[in-house]
Amino acid sequence: MGLDRPQAWLLGLPTAAVYGSLALFTTILHNVFLLYYVDTFVSVYKINKMAFWVGETVFLLWNSLNDPLFGWLSDRQFLSSQHRSGAGLSSRAVVLARVRALGWHGPLLALSFLAFWVPWAPAGLQFLLCLCLYDGFLTLVDLHHHALLADLALSAHDRTHLNFYCSLFSAAGSFSVFASYAFWNKEDFSSFRAFCVTLAVSSGLGFLGATRLLRRRVEAARRDPGCSGLAVDCGLCGEELLVGSEEADSITLGQYLRQLARHRNFLWFVSMDLVQVFHCHFNSNFFPLFLEHLLSDHISLSTGSILLGLSYVAPHLNNLYFLSLCRRWGVYAVVRGLFLLKLGLSLLMLLAGPDHLSLLCLFIASNRVFTEGTCKLLTLVVTDLVDEDLVLNHRKQAASALLFGMVALVTKPGQTFAPLLGTWLLCFYTGHDLFQQSLITPVGSAHPWPEPPAPAPAQAPMLRQGCFYLLVLVPITCALLQLFTWSQFTLHGRRLHMVKAQRQNLSQAQTLDVKMV
């Protein structure tokens, strides 16, 4: 029986497009979550302050630990294992396992997203459970999605191609931010709740459809020696690389951590990425504050809302251009260029001063866009570290999700340091303590500007000057630290080509061994 036209058209989609669409189904939920979950519990459900901070504290701990925990549970069997039957797992079986996991965890992520917008328990308990459930499923989806980037393709060009589609679909998903403003109403929550139900249903069905299509691609490649369209570089074609057919003892967590401690490029990368995560979240936390105190007298409220929405979309669109540069010059050179650009623009802004409003507006926007764009490029670097980890430790299979989880474990503290250090610096420079003001309206509420009480007339110029120095000195410091740590990172150029070649040779040699047996 032949396929009908819609089904045949879906099967004809590029694998990279199907893989990238998974980013769409995550982004349409996550941006709305980030913008509205605090305001929903504070303004709609009236959660008390103690319950709110208890929930955030538990969430902070859970958010830091679940990445390596889920990565270890997912990939420990790939480090070295032997099944009782004596048969190992093939690389294709690993990909299938990740796709099946996404098929389960994606709809569960959509369901946990829905749990925020319907009161079903005391506000404090619901806040805690919703945060932990949502972040748990989000972590599982992100880990397996990122791990597939390393498993579906080997060459830098093809991984860049996969990431291109992720950025394209993430940009499309970010438009849910603009749509949300039309439905958000704290007094009449029903329309916003219906909007969230629509997003969750769309996301859940999208995950089911995309993972089913990916699974068909992988299974079809097993029967098709030509391997047209499975992996971008056909890296999985004909590869039945067995995992654990030679080693009987599993690697313990302590042994794995000691291996990472000897992985020089991993250590330099996470040092650089910790600063990058800090800078990304610093920009996100203080973007509205900079608009309020540096530009609010010169731009309208609607313009500020548009700038806020564009700050979520522009990094994804800009990343499409960065990825084209990566294909030509390599990720290492592009990231280094972005660090130099950040340093140069910040020094120029420092010399120009806070009174050049057009330059100031451009700098605030470009600083966030370029910083977020750099964060998205670093996923490609982690996939290269996965390759080097496999070669250095002679693994039977790349532990992609586990390495992504370990990177997150080391770098996620930057999310916490950003608001703490930023508010301390602001208080140090100006004496203006945000915590002694009335509660700031969360970004994404009906009023997307933070609304601290107006400072005293004598304090206002000092506060504006303090915000300006915070705006330019933080990126200057971050850029200098990152340029130093990035200069110590050697996984590029000849070494990267050598690692890729060794991984390819290992796969071919072990595939030959399996066939000989």
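Above this text sits the structure in question.
Fair warning: this is a prediction, and the values are worked out from it, not measured in the lab. (Residues numbered from 1 in each chain as written. Predicted model: local features only at pLDDT ≥ 70, side-chain atom pairs only at ≥ 80, totals over all residues. Heavy atoms only, no water.)

A. Quick look at the packing of helix 2 (residues 15-44) against helix 5 (residues 123-152). Contact geometry of helix 2 with helix 5 gives a least axis separation of 11 Å together with a crossing angle of 160 degrees. The orientation of helix 2 with respect to helix 5, classified from their angle, is roughly antiparallel. Where helix 2 crosses over helix 5, the two elements pack in a sense that is left-handed. Residue composition of the contact of helix 2 with helix 5, by class: 16 nonpolar, five polar and one charged. (Axes fitted to C-alpha atoms, helices over the stretch in contact; angles between N-to-C directions. Helix = DSSP H or I, 4+ residues; strand = E, 2+ residues; numbered from the N terminus. Parallel < 35°, antiparallel > 145°, perpendicular 65-115°, else oblique. Left-handed = near helix turned anticlockwise from the far one by under 90°. Nonpolar A, V, L, I, M, F, W, Y, C, P; charged D, E, K, R; others polar.)

B. Representation of the layout of surface pockets. The volume enclosed by the second largest pocket comes to roughly 410 Å³. A breakdown of the residues in the lining of the second largest pocket according to their chemical character gives 12 nonpolar, eight polar and four charged. Here the lining of the second largest pocket gathers at least three residues from each of two domains, domain 1 (15-221) and domain 2 (265-433 + 458-516). (1 Å grid on protein atoms, 1.4 Å probe; cavity = no way out; pocket = protein on both sides within 12 Å on 5 of 7 lines; lining within 4 Å. Points joined across faces, edges and corners; volume = space filled by probe spheres on them. Domains from an automatic or database assignment.)

C. Inspection of the state of the cysteines at higher detail. Counted under the stated rule, the structure contains one disulfide. Disulfide pairing is shown between Cys280 and Cys375; the S-S distance is 2.2 Å. With the S-S bond torsion at 110 degrees, the cross-link from Cys280 to Cys375 turns out right-handed. Here the residue Cys280 occupies a position in helix 10 (residues 264-295), and Cys375 occupies one in helix 13 (residues 357-392), the gap between them amounting to 95 residues. On the basis of relative accessible area, Cys375 is assigned to the partly exposed category, the value being 22%. (Disulfide = S-S within 2.5 Å. Buried < 20%, exposed > 50% of the residue type's maximum accessible area, 1.4 Å probe, protein only.)

D. Seen up close, the side chain of Thr15. In this fold, Thr15 is placed in helix 2. Separated by 2.8 Å, the side chains of Thr15 and Arg217 make a polar contact. (Polar contact = N/O pair within 3.5 Å; in protein donor to acceptor, adjacent residues only side chain to side chain.)

E. Quick peek at the environment of Phe282. Inspection of the secondary structure assignment puts Phe282 in helix 10. Using a relative accessible area of 1% as the deciding quantity, one classes Phe282 as buried. Leave out the neighbours within four places in its chain, and Phe282 touches Phe287, Phe290, Ala418, Gly422, Leu470 and Val474. (Contact = heavy atoms within 4.5 Å.)

F. Spotlight on a nonpolar patch on the surface. On the surface, a cluster of nonpolar side chains totalling about 450 Å² of accessible area is made up of Val118, Trp120, Leu125, Leu129 and Leu133. Within the secondary structure, Val118 is located in the loop between helix 4 (91-114) and helix 5. (Patch = residues over 30% accessible without salt bridge, like charges linked within 9 Å, V, L, I, M, F, W, Y side chains within 5 Å. Areas by Shrake-Rupley, 256 points an atom, 1.4 Å probe, with all protein chains shown as cover. Salt bridge = Lys/Arg side-chain N within 4 Å of Asp/Glu carboxyl O.)

G. Representation of empty space enclosed by the protein in the model. Under the defined criterion, the tally for this structure stands at two cavities of 30 Å³ or more. Counted as a void, the largest cavity has a volume near 100 Å³. Lining the largest cavity we find 13 residues, and of these Leu338, Lys342, Asn367, Phe370 and Thr371 sit closest to its centre. Mapped onto the lining of the largest cavity, the elements with two or more residues apiece are helix 12 (331-352) and helix 13. Broken down by class, the residue content of the lining of the largest cavity amounts to six nonpolar, six polar and one charged.

H. Seen up close, helix 14 (residues 400-411). In a regular helix each residue adds 1.5 Å, so 12 residues correspond to 16 Å; helix 14 covers 17 Å between its end C-alpha atoms and thus fits that length. Burial in helix 14 covers these residues: Ser400, Ala401, Leu402, Leu403, Phe404, Gly405, Met406, Val407, Ala408 and Thr411. (Expected span 1.5 Å × (residues − 1).)

I. Structural view of the packing of aromatic side chains. Counted according to the given criterion, the structure contains 35 aromatic pairs. Between Phe41 and Phe127 the ring centres are 5.0 Å apart and the planes differ by 70 degrees, which places this aromatic pair in the edge-to-face class. In this pair, Phe41 is assigned in helix 2 and Phe127 in helix 5, connecting sequence segments 86 residues apart. Here Phe41 matches Phe127 in class, with each residue buried. (Phe/Tyr/Trp six-rings, centres within 6.5 Å; stacked < 30°, edge-to-face > 60°.)

J. Structural view of the pattern of salt bridges. Per the stated rule, a full pass over the model turns up nine salt bridges. Ionic pairing is found between Arg159 and Asp384, a salt bridge with its closest N-O pair at 3.5 Å. Note that Arg159 is positioned in helix 6 (residues 156-173) and Asp384 in helix 13, a separation of 225 residues in sequence. For Arg159, a relative accessible area of 1% translates into the label buried. We classify Asp384 as buried; its relative accessible area is 8%. A network of salt bridges, in which partner residues are shared, links Arg159, Asp384, Asp387 and Lys500.

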